[in-house]
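In case you want the letters, here they are:
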Amino acid sequence: MNIVLYGSIALIAIAFLILVVYVIQTLKTLQTTLQHVAKTVEEVEKQMHEIGKETAQLLHKTNALADDVHKKAESLQSVFDAVKQVGVTVQTFNNSISKTLTTNEKKITQAIQWGQTLIEIWTKWKEKRK
């Protein structure tokens, strides 16, 4: 019976030794994996820091561009106002001419008729002169 007891204890000791060896191998593999993960996280942190810098620079450039566009849009507003004023002036001028033409329509018609008559007289005089 002692032999069985000693054999069982030896078997348990061997099983425990095998278990300890596998646990050590697993822990070493886990340690290697964790080192790789730590390096990867460190690289990601560096990249995120660089991305943050680039994003800040891009944001500054975008703000500067937006300010420039805003200033140019404001300067164009005066041009649009001037063009509008020219349009109003032209419209007023057209209205004034229309009113003048309407009120002096008979005089203008007579002037055109006199002009045509003078042209006819001139052409006849030229023909007679030849």
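What counts, and where the lines are drawn
- Residues numbered from 1 in each chain as written.
- Predicted model: local features only at pLDDT ≥ 70, side-chain atom pairs only at ≥ 80, totals over all residues.
- Heavy atoms only, no water.
- Helix = DSSP H or I, 4+ residues; strand = E, 2+ residues; numbered from the N terminus.
- Rg over C-alpha atoms; globule rule 2.2 N^0.38 Å.
- Buried < 20%, exposed > 50% of the residue type's maximum accessible area, 1.4 Å probe, protein only.
- Areas by Shrake-Rupley, 256 points an atom, 1.4 Å probe, with all protein chains shown as cover.
- Lys, Arg positive; Asp, Glu negative; His and termini not counted.
- Charge placed at Lys NZ, Arg CZ, Asp CG, Glu CD.
- Salt bridge = Lys/Arg side-chain N within 4 Å of Asp/Glu carboxyl O.
- Phe/Tyr/Trp six-rings, centres within 6.5 Å; stacked < 30°, edge-to-face > 60°.
- UniProt positions renumbered as here; feature names shortened; annotations may be inferred.
- Patch = residues over 30% accessible without salt bridge, like charges linked within 9 Å, V, L, I, M, F, W, Y side chains within 5 Å.

Our focus in this paragraph is the overall build of the protein. Each helix and strand counted, the protein has 2 helices and 0 strands in total. Relative to the 2.2 N^0.38 estimate, which gives 14 Å for 130 residues, the radius of gyration of the protein is 51 Å and therefore markedly larger than a compact globule would have. Principal-axis analysis of the C-alpha atoms gives the protein an extent of 160 × 35 × 30 Å. Looking at the protein as a whole, 0% of its 130 residues are labelled buried. Roughly 12500 Å² of accessible area belongs to the protein as shown, and the carbon and sulfur atoms make up 67% of that amount. Mean positive and mean negative side-chain charge positions of the protein (16 and 12 charges, respectively) differ by 18 Å.

Opposite charge on two side chains lets them pair, provided their charged atoms get close. Following the criterion strictly, the structure yields 1 salt bridge and no others. Its salt-bridge partner being Lys-72, residue Asp-68 comes within 3.3 Å of it at the nearest N-O pair. Of this pair, Asp-68 and Lys-72 both sit in helix H1 (residues 2–103), separated by 4 residues, roughly a single helical turn. Residue classification places Asp-68 among the partly exposed positions, given a relative accessible area of 32%.

What follows covers the packing of aromatic side chains. For the structure shown, the criterion picks out 1 aromatic pair. Relative to Trp-125, the ring of Trp-122 lies with its centre 5.3 Å away and its plane at 40°, an arrangement referred to as tilted. Residue Trp-122 and its partner Trp-125 are both found in helix H2 (residues 105–129); the two are separated by 3 residues, about one turn of the helix. A residue is classified by how much of its surface remains accessible, and Trp-122, at 47% relative accessible area, is partly exposed.

Mapped onto this structure's residue numbering, the UniProt feature "transmembrane region" (unreviewed entry) falls at residues 6–24. The span residues 6–24 is 100% helical and 0% strand by assignment, and the distance between its end C-alpha atoms comes to 27 Å.

Among the surface-exposed residues, Phe-16, Leu-19, Val-20, Val-23, Ile-24, Leu-27, Leu-30 and Leu-34 lie close enough to one another that they form a single nonpolar patch of about 720 Å² accessible area. You can see Ile-24 is positioned in helix H1. According to the relative accessible area criterion, Ile-24 is partly exposed, its value standing at 42%.

Take the environment of Leu-5 next. Inspection of the secondary structure assignment puts Leu-5 in helix H1. Along the primary structure Leu-5 and Gly-115 are separated by 110 residues, whereas in three dimensions their C-alpha atoms are 145 Å apart.

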